Amino acid sequence: MKGSLVRGATTDDARLLHTVKPLRRTIFNRVFAAIYAPAILTLLYYHAKTLIFSATLVSFSATLALLFSDLVLAFMWVTTQTFRICPVYRKQFPENVEKILKRSDFPALDVFVCTADPYKEPPIGVVNTALAVLAYDYPAEKISVYVSDDGGSALTLFAFMEAAKFATHWLPFCKKNNILERSPEAYFGSNHPCTSESEKIKMIYESMKVKVEHVLERGTVGDQYITSDQEREAFNKWSSNFTRQDHPAVIQVLLDASKDKDVDGYLMPNLIYISREKNKSSPHHFKAGALNALLRVSGSMTNAPIVLALDCDFRSNDPRTPLRVLCYLCDPATPPDLAFVQFPQLFQGINKSDIYNAEYKRLFQINMLGFDGVSGPNYIGTGCFFRRRSFFGCPTSLISPEIPELAPDYVVDKPIQSQSILSLAHRVASCDYENQTSWGSKMGLRYGSLVEDYYTGFRLHCEGWKSVFCNPERPAFFGDVPTSLIDALNQQKRWAVGLLEVAFSKYSPATYGVRRMGPLMGLGYAQVAFWPIWSIPITTYAFLPQLALLNKVYIFPKVSEPWFFLYAFLFLGAYGQDYIDFILAGGSVQRWWSDQRFWIARGLTSYFFGSIEFFLGCLGISASGFTVTSKAVDAEQSKRYDQGIFEFGVHSPMFVSLTSAAIINLIAFSQGLVEVFRGNNLEGLFVQMLISGFAVVNSLPIYEAIALRNDSGKMPIKTTITATLLAGAVYAASSFIFM
């Protein structure tokens, strides 16, 4: 979709809603690909020739391993080119929306916020996310915020009861003062104007925050925190359901747009708390199941045509964001097959070097521009505005839900607190409601993968839906980043398992996706789905050249041979283009270095162990689970993160593999230097020493954590000993093989 309100209109047109233009680097990308592709084919020819004429079993095995690894690299390079063929940039003009559409005619908006664990996802953070969208610069009566508490926690319920009271002060304060940062935590933590009114609101907020944090620390809600008999009676009634492990659905309207008013006498948006029914005998489908329950509950209560899905730590940074969405969804020139508008995931609190690559610039920004030039970006789990209609079949064929009240065009004509509405909402939130229905297969979020966002976006595109990437100068949303290395790696491991579930399913993007969407979109989705196979070449190049060097076996061309220059071109070309992409996307040299270093680390840890977990699961040996990434912050850990110091601290098999690779590379590089000092010819050693040296430089934080640190984030002794023994065992085995 590349239109605007008036086709052929210029940017001076007062009624223009959006524009799109190709990026300037497109021609360079295509020319470079035409040069780089023959070089890859030449390398594969070199491997094949070497393999055929191998004189020994060792030479044959080493060449075969390199050939297979380079085939994987070639496949990933080809799929990556889909993002470089026709990237585009879009611009919106939200100031023009009200020139073509009255505010009273704005479509209603349902917002979904999901949380699952009050200790890993502190309620005060979830409250800030909800308050920021409640305060959108949008007609209050059009906004309904649904909070899904999959942890079924009385602590979260209490936090939102307090938030509802604070909202009556916060919303009018934001609108009167035209505040941009409408998350209270972000606003009061910024350099905001200090007035008597702002100080009063800050005191109210701090009072609420202290209450919520005290309750979380105690693990229970005492009577002293509930100020009225009516509130105490209501809270006890709702929270009594949470005392059972298998609890019924809890749905409570905390703010009602038809009657609840703020301190200035204006109506408030709707705020609804939901904890769906839980039962051990029924599958819950994790976040996808929670979102489908929200789709049904919201459909029965408000049924807004636009749905915003947000992670609990993903706070709004621009109150006019919905107007940017209307630039597309309310543009008469927009085709009816537009399913969603996706905003990038951007993060606050990232340290200067982004040591854990929390920014994911390629995934959340660079690749999105490339997707947007074809059929649109994939859904990335948060910051996404959907047409509700897109969850009910392809653009040309509506799949009618099992009851008419859930149809996307159904008009709710009763108050949300009426008995019939609440009764229906409880019914569709029950754990057995989806039995014998199309939910999760043809309707709603799709089941079958731990990465429900990627899989759902993929299936929607396969059905013929389109999407748009909206990346304004002022970020629409900001999220939180993990400040612990193990949290970052565990999150990536979960993604790896989920992506492989899609890659090796009957809906594989490499086959099904290419047939349904065409080669560009299909291969683009395949590039992401097969991410975990990066572990094959990364692991191969992290161990094979080094072990061969230790055994004085040279497996790469000499510097004086022409084939060496092929290797040099491929290496420098790949890294050089990646560097250019990163810098042009607003990155820094330091963060690019962290990005490539963490890519290697993921290959040896998250991707490697995620692949093992997936294939063992296929054999029925183990099953994938879902672990919530912690958003709780430890003060000392946070301080080290801000200083750019890696956080190890706990023993993990992933740290063992990472440390073993670091040890072997250090020993191999040292052995190479010894050989050079002994007068041996550097020509044969050079490539293997270069790879080992490159790995050593990338491993400096590991060596520091082993030998130079005494804080609680250092490498555990158990991990160091285990990794050393493993490295010794691998070297001993290689000595036997290379004999």
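Everything in this summary refers to the structure shown in the same document.

Conventions and cut-offs
- Residue positions are given per chain, counted from 1 along the sequence in the order it is written.
- For a predicted model such as this one, the threshold for reporting local features is a pLDDT of at least 70, and the threshold for listing and counting side-chain atom pairs is 80 or more; totals across whole chains, interfaces and linings nevertheless cover every residue.
- Excluding hydrogens and water, the side-chain values take into account all heavy atoms of the structure.
- Buried residues are those whose accessible area, probed at 1.4 Å on protein chains only, stays under 20% of the maximum for their type, while exposed residues exceed 50% and partly exposed ones sit between those limits.
- Where helices and strands are cited, they refer to DSSP runs of H or I of at least four residues and of E of at least two residues respectively, numbered from the N terminus.
- Two strands make a pair as long as DSSP finds a minimum of two bridges between them.
- In this scheme, a helix's expected span is set at 1.5 Å multiplied by one less than its residue total.
- One axis is fitted to the seven residues ending at the residue and one to the seven starting there. The bend at that residue is the angle between these axes.
- Pairing of N or O atoms within 3.5 Å defines a polar contact, subject to two protein rules: one partner must be a possible hydrogen donor and the other a possible acceptor, and residues neighboring in sequence count only if both atoms are side-chain atoms.
- Each patch is built from residues lacking any salt bridge and having more than 30% relative accessible area; the joining distance is 9 Å for like charges and 5 Å for nonpolar side chains (Val, Leu, Ile, Met, Phe, Trp, Tyr).
- Under the convention used here, a 1.4 Å probe and the Shrake-Rupley method define accessible areas, while residue burial counts only the protein chains that appear.
- Think of a salt bridge as a Lys or Arg side-chain nitrogen and an Asp or Glu carboxyl oxygen that are within 4 Å of each other.

### Points about the pairing of strand β2 (residues 88-92)
Step number 1: In β2, alternate side chains face the same way, and those of Val-88, Arg-90 and Gln-92 are buried while those of Tyr-89 and Lys-91 on the opposite face are not.
Step number 2: The pairing of strand β1 (residues 18-22) with β2 spans five bridges and is antiparallel. Of the residues in β2, the one forming a bridge with Val-20 is Arg-90.

### Structural notes on helix α5 (residues 154-176)
Step number 1: For α5, built from 23 residues, the straight-helix expectation of 33 Å at 1.5 Å per residue is met to within 8% by its first-to-last C-alpha distance of 34 Å.
Step number 2: Of all the bends in α5, the greatest, near 40 degrees, is centred on Ala-167.
Step number 3: One side-chain oxygen of the residue at the start of α5 lies 3.1 Å from the amide nitrogen of Leu-155, identifying that residue as Ser-153.
Step number 4: Trailing α5 by a residue or two, Asn-178 shows a phi angle of about 50 degrees, which is positive.

### Quick word on unusual backbone geometry
Step number 1: The phi dihedral of Asn-178 is positive, around 50 degrees, even though this residue is not glycine.
Step number 2: Along the chain, Asn-178 turns up in the loop between α5 and α6 (184-188).
Step number 3: Although it is not a glycine, Phe-286 adopts a positive phi angle of roughly 50 degrees.
Step number 4: Among the structural elements, Phe-286 can be located in helix α9 (residues 286-301).

### Observations regarding a nonpolar patch on the surface
Step number 1: A cluster of nonpolar side chains, namely Phe-28, Tyr-579, Ile-580, Leu-584 and Val-589, defines an oily patch on the protein surface of about 440 Å² accessible area.
Step number 2: In terms of residues, the nonpolar patch owes the most to one element, helix α18 (residues 562-584), which gives three residues.
Step number 3: Note on placement: Val-589 falls in helix α19 (residues 589-604).

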